[in-house]
Amino acid sequence: MAVLALAAGAVPAADGEAIYNRACKKCHRIGLEDSPVAGDKAAWAPLLEKGMATLYQSVIEGKGSMEPRANKPDLTDEELRAAVDYMVDLVK
Ligand code: HEC
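Note that this is a predicted model, so its numbers are computed, not measured. (Residues numbered from 1 in each chain as written. Predicted model: local features only at pLDDT ≥ 70, side-chain atom pairs only at ≥ 80, totals over all residues. Heavy atoms only, no water.)

Colleague: What is the right way to read the overall build of the protein chain from this model?
Modeller: Along the backbone of the protein chain there are five helices and zero strands. Along the protein chain, helices and strands appear, N-terminal first, in the series α-α-α-α-α. Residues counted as buried form 28% of the 92 residues belonging to the protein chain. Within the protein chain, counting contacts between residues at least 6 apart in sequence, those at least 24 apart form 55% of the total. For the protein chain, the exposed surface amounts to about 5,900 Å²; the carbon and sulfur share of it is 56%. (Helix = DSSP H or I, 4+ residues; strand = E, 2+ residues; numbered from the N terminus. Buried < 20%, exposed > 50% of the residue type's maximum accessible area, 1.4 Å probe, protein only. Contact = heavy atoms within 4.5 Å. Areas by Shrake-Rupley, 256 points an atom, 1.4 Å probe, with all protein chains shown as cover.)

Colleague: It is not clear to me how unusual backbone geometry should be interpreted in this structure. Could you clarify?
Modeller: For residues besides glycine, phi is generally negative; the peptide bonds are generally trans as well. The phi angle at glutamate 33 is positive, at roughly 55°, despite the residue not being glycine. Along the chain, the position of glutamate 33 falls in the loop between helix H2 (16–28) and helix H3 (41–49).

Colleague: So what exactly am I meant to see when it comes to the pattern of salt bridges here?
Modeller: Side chains bearing opposite charge may pair, as long as their charged atoms lie close to each other. Tallied over the full model, the rule gives three salt bridges. Close ionic contact of arginine 81 with glutamate 78 constitutes a salt bridge, the shortest N to O distance being 3.8 Å. Separated by three residues within a single helix, arginine 81 and glutamate 78 lie in helix H5 (residues 77–90), roughly one turn from each other. Since its relative accessible area comes to 24%, glutamate 78 is described here as partly exposed. (Salt bridge = Lys/Arg side-chain N within 4 Å of Asp/Glu carboxyl O.)

Colleague: So what exactly am I meant to see when it comes to the coordination of the iron atom of the ligand here?
Modeller: Four donors placed tetrahedrally around a metal ideally meet at 109.5 degrees, and six donors placed octahedrally ideally meet at 90 or 180 degrees. Bound to the iron atom of the ligand on the protein side are His28 (NE2) and Met66 (SD), at distances that span 2.0 to 2.2 Å. Here the iron atom of the ligand binds six donor atoms, and the angle range of 86 to 179° at the metal identifies the geometry as octahedral. Separated by 38 residues along the polypeptide, histidine 28 in helix H2 and methionine 66 in the loop between helix H4 (52–61) and H5 bring together distant segments of the chain. Here histidine 28 falls in the buried class, since its relative accessible area comes to 8%. (Donors = N, O, S within 2.8 Å, 3.2 Å for Na, K, Ca; no water. Tetrahedral: all angles 85-135°; square planar, octahedral: opposite > 155°, others 65-115°.)

Colleague: Would you explain H2 in this entry?
Modeller: The α-helix advances 3.6 residues per turn, and as a result positions three or four apart in sequence lie on the same side. The first and last C-alpha atoms of H2 sit only 14 Å apart over 13 residues, clearly below the 18 Å expected at 1.5 Å per residue. Listed in full, the buried residues belonging to H2 are Gly16, Ile19, Tyr20, Ala23, Cys24 and His28. Elements in contact with the buried residues of H2: H3 and H5. Two or three places before glutamate 17, at the start of H2, stands the capping residue aspartate 15, its side-chain oxygen 3.2 Å from that residue's backbone nitrogen. (Expected span 1.5 Å × (residues − 1). Polar contact = N/O pair within 3.5 Å; in protein donor to acceptor, adjacent residues only side chain to side chain.)

This is the structure:
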């Protein structure tokens, strides 16, 4: 698995939208548990300032009531990053 993740740059990017729909939407579509709502520019502006590396890390390690790996241990770092990228694209 680690080898796969390292080689990920060479394979087609993970489908961030599909991962978002499966693993993130139930909270981030409606702001469940005070999560930043997907597509809400005002809510995301301060998050973007923290930088992508921090946002990726928050999802991988968990933050507040968001469990590590969004409680989907089967998702790879690459897939979790793709879901973050998808949500960030929504507010760009
Ligand atoms: C159980 C609900 C829940 C799920 C599922 C969930 N999140 Fe979150 N997310 C939250 C909450 C709550 C916060 C705010 C955490 C805080 O600041 O205390 C958050 C914050 C974030 C942040 C901002 C992190 C930061 O550093 O401020 C990102 C990025 C994020 N989520 C991405 C994702 C992605 C990607 C997924 C799917 C793979 C996901 N979330 C799934 C509840 C959820």
